Amino acid sequence: MYNLISDLSIIEASSFVASPSAGLYCAQMGAEVIRVDQIGGGPDFRRWPVTDNNDSLYWENLNRAKKSVALDLGKPEGRELLQELVRATGQFITNFPSEGFLSHQTLAEGRPNLITVRVMGWPDGSPALDYTVNNAVGYPMMTGPGPEPVNHVLPAWDLLTGAYAAFALLAAIRRREADGSGCEIRIPLSDVAIGTVANLGGVAEMIYEDANRPRLGNAVYGLFGRDFVTADGKRTMIVVVTPRQWANLVAALGIGEAVANVEAERGVSFAKDDGLRFAHRDALFPIFDQAIAARNHADLAAALDAAGVVHSAYRTMLEAVNDPALVGDNPIFGAAPNPSKLIYPAAGTFASVPQQERGAPSSAPRNGQHSVEVLSQRLNLPSGTIARLIDAGIVGTSQ
């Protein structure tokens, strides 16, 4: 946690991954992020993984460092309170539909310089999920050996969209500081996905080639990289990205003569050309398979480390979580109280600021934990009015 934007307050009304992660990134940099949910929790409040008590570990970690206001959004008075909180604050992150009571036009009637960042599925407002957008842009048909598609379990488009939304919010605030104007920024998941495909050259490649890439399994497109199995059965990924790494890898494995023979037979040089190494992988992979299969993983890893070659053994997530370098001794993790009452390392901001002390990760709120505080401070509601709203079931508080 850092206090880089501690003067910024944001209302968040969202669910699932993309929109809440935008608020999380802002909160980790010091912003006051006030998440507004339905009393009892929104549609993602019990999303798996959950504990035996049905506490969502997903929700608990995507909403660290935020405040929670609980309202009955099914009632007009609850919706009006959310509208007033947005107008009073001036910054809003949401994945609610672009029309309705949280439309930017409606909200801006009471706050012309309001900035709304709206995460969407498709630009026309149609719903989409990471897994369906990923299918739409073609990656599952490029993954694995084929012919069946392979879905990725990491919601990459959600996470990219969340990060882009946080960036877009700060960009809009910079413009407002210059000219006083507000705006709505719409960020469709599908546009983040296909735009990223384009940024990586994929659109140009498809137009130029007029054909799909071949399915490569675990080989890396355009580079020398693949998974190999050591003598003791360890599967490890090795990737070469520089001429020096290539020379050092060949030397570490003692296969210089065999590689030179391939170069002579095919009239090529692999020393400085990633593409040639990839194009002639049919001749190179068997040489590396044989050399690596003769080495135990520990010896191989030591040799590759000494040579500056990028490699990593495959392991389970349980093994990764118990790796001191990744978690136990990693300063991004720390202790924080959790609504689930479980004790485990909590992640804070991924970035580090050497000139500032890193704050400890914060806990996630309980549903409605800050309802009274926020309504009192943001809307100047007297305690009697808040008590009436609680008694009427319009406002919820944590127990």
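Whatever comes next refers back to the structure up there.
What to know about the sheet that holds strand E5 (residues 115-120)
No. 1: Pairing in this open sheet of seven strands is mixed, and the strands run E6-E5-E4-E1-E2-E3-E12 from one edge to the other. Edge positions in the sheet fall to strand E6 (183-188) and strand E12 (395-396), since each of these pairs with one other strand and no more.
No. 2: Here strand E1 (residues 9-13) runs beside strand E2 (residues 32-38); their pairing, made up of four bridges, is parallel. Bridge assignment links Ile11 to a residue of E2, and that residue is Ile34.
No. 3: Of the strands in this sheet, E1, E2, strand E3 (66-71), strand E4 (91-94) and E12 are in contact with helix H3 (residues 76-89), which crosses E1 at around 150°.

Comments concerning the pairing of strand E8 (residues 235-240)
No. 1: The element E8 is extensively covered by neighbouring structure, given that five of its six residues are classed as buried.
No. 2: Inspection of the sheet shows strand E7 (residues 224-229) paired to E8 by six bridges, in the antiparallel sense. Paired with Gly225 across the strands is Val239, a residue of E8.
No. 3: Taking the residues that link successive antiparallel strands as the turn, the E7-E8 hairpin has five residues, and the phi of Gly233 there is positive, at about 85°.

What to know about the packing of aromatic side chains
No. 1: Taken as a whole and judged by the stated rule, the model has 14 aromatic pairs.
No. 2: Arranged with centres 5.0 Å apart and planes meeting at 80°, the rings of Phe45 and Trp59 form a pair that is edge-to-face. Taken together, the residues Phe45 in the loop between E2 and helix H2 (57-62) and Trp59 in helix H2 connect sequence positions 14 residues apart. Neither residue differs from the other here; Phe45 and Trp59 are each classed as buried.
No. 3: A centroid spacing of 5.6 Å and a plane angle of 70° characterise the contact between Tyr164 and Phe167, whose relative ring orientation is edge-to-face. Note that Tyr164 and Phe167 are positioned in helix H6 (residues 156-179) at a spacing of three residues, about one turn of the helix.

Conventions adopted
- Residues numbered from 1 in each chain as written.
- Predicted model: local features only at pLDDT ≥ 70, side-chain atom pairs only at ≥ 80, totals over all residues.
- Heavy atoms only, no water.
- Pairing = 2+ DSSP bridges.
- Helix = DSSP H or I, 4+ residues; strand = E, 2+ residues; numbered from the N terminus.
- Contact = heavy atoms within 4.5 Å.
- Axes fitted to C-alpha atoms, helices over the stretch in contact; angles between N-to-C directions.
- Buried < 20%, exposed > 50% of the residue type's maximum accessible area, 1.4 Å probe, protein only.
- Phe/Tyr/Trp six-rings, centres within 6.5 Å; stacked < 30°, edge-to-face > 60°.

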